[in-house]
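# Summary of the model geometry
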Amino acid sequence: MFDKNNQLVFYANIISIVFGIIVILFSDFFLVGLLFVISGALLIFEQLKQNKAAFTISNLQKTLKVHDTGGSKATQTESQVTAACHVDNKIYWFRDIPVIGSVRNFRMNGASIDDQKKDDGVYHVCAKIPTELKAIGGFDMALSYDYQDAFTKSEGVLSHVVNDETRNLHLIVELPKGRPVTSAKVFCKKNGVEEALLPPVVTGETKIETEIQNPTLGAEYCLQWNWSNESVAKKVRRMF
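## Considerations on unusual backbone geometry
Positive phi outside glycine occurs at N105, with the angle close to 60°. Inspection of the secondary structure assignment puts N105 in strand β4 (residues 102-108). At N191, a position not held by glycine, the phi torsion is positive, near 55°. The topology assignment puts N191 in the loop between β12 (181-190) and β13 (193-196). On the accessibility criterion, N191 (73% relative accessible area) is exposed.

Spelled out as structure tokens, the structure:
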């Protein structure tokens, strides 16, 4: 929860509270002991408040829709119910969007985004929360963007890195008819260790989805699928 310096401060405040209780119970200096207890408790409360995450997410749904059997055109939408942990939190970053093929047309709730950065093979996209919104009460956000030539191989992955405390994570892949799914799996990666999770649900050979409750903060969750190779006839038809 805390780094080393914050841990030392936390323990010092605990000692202050314990000392205050001892003074109250075993001496005549009741007010002095009470002062130690109240001061320590207030400092711990403020420390916990400052170290709390900037945002929490009650429900996050990430949907990847591939439009053609060649996998050259796709749209991804990330919809989430987000709540700010402090009234001053007015800027939210969608982080770790992988650069597969080319990524473009970032839109936030149907409008242009406020800022974007590219760093070490991933995009970070910024959204400013309107001042009239009560961010602490929770609000809906939907980020969408297009992929070009990103899913042309026989294997594809939809992934999500948990950067904010999240209650429910829902990953969905929608593939075009005519090139069915042959296999699919879900796994989690953290600190270089990969852990297999329950297999996803496949519907009609074109829709794959999985739902994770209380995903681990800092972990990356991946929905990976394989689909049959595109036939030569379909490749020719797409060219014309």
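Still to come is the rest of the account.
## Focus: the pairing of strand β8 (residues 139-148)
Covered by surrounding structure in β8 are F139, M141, L143, Y145 and Y147 only, the residues D140, A142, S144, D146 and Q148 on the alternate face being uncovered. For strand β2 (residues 73-84) and β8, the ladder comprises 10 bridges, and the chain directions are antiparallel. Directly across from Q76, in β8, lies its bridge partner Y145. Pairing geometry for β4 and β8, over 5 bridges, is antiparallel. If you follow R104 over to β8, its bridge partner there is D146.

## Quick look at the packing of aromatic side chains
Counted under the stated rule, the structure contains 9 aromatic pairs. Between Y147 and F151 the ring centres are 5.5 Å apart and the planes differ by 85°, which places this aromatic pair in the edge-to-face class. Site record: aromatic cluster; members linked through ring pairs are F106, Y123, Y145, Y147, F151, W225 and W227. Against the face of W227 rests R179, its NZ or CZ located 3.9 Å from the ring centre.

What counts, and where the lines are drawn
- Residues numbered from 1 in each chain as written.
- Predicted model: local features only at pLDDT ≥ 70, side-chain atom pairs only at ≥ 80, totals over all residues.
- Heavy atoms only, no water.
- Helix = DSSP H or I, 4+ residues; strand = E, 2+ residues; numbered from the N terminus.
- Buried < 20%, exposed > 50% of the residue type's maximum accessible area, 1.4 Å probe, protein only.
- Pairing = 2+ DSSP bridges.
- Phe/Tyr/Trp six-rings, centres within 6.5 Å; stacked < 30°, edge-to-face > 60°.
- Lys NZ or Arg CZ within 6 Å of the ring centre and 35° of its normal.

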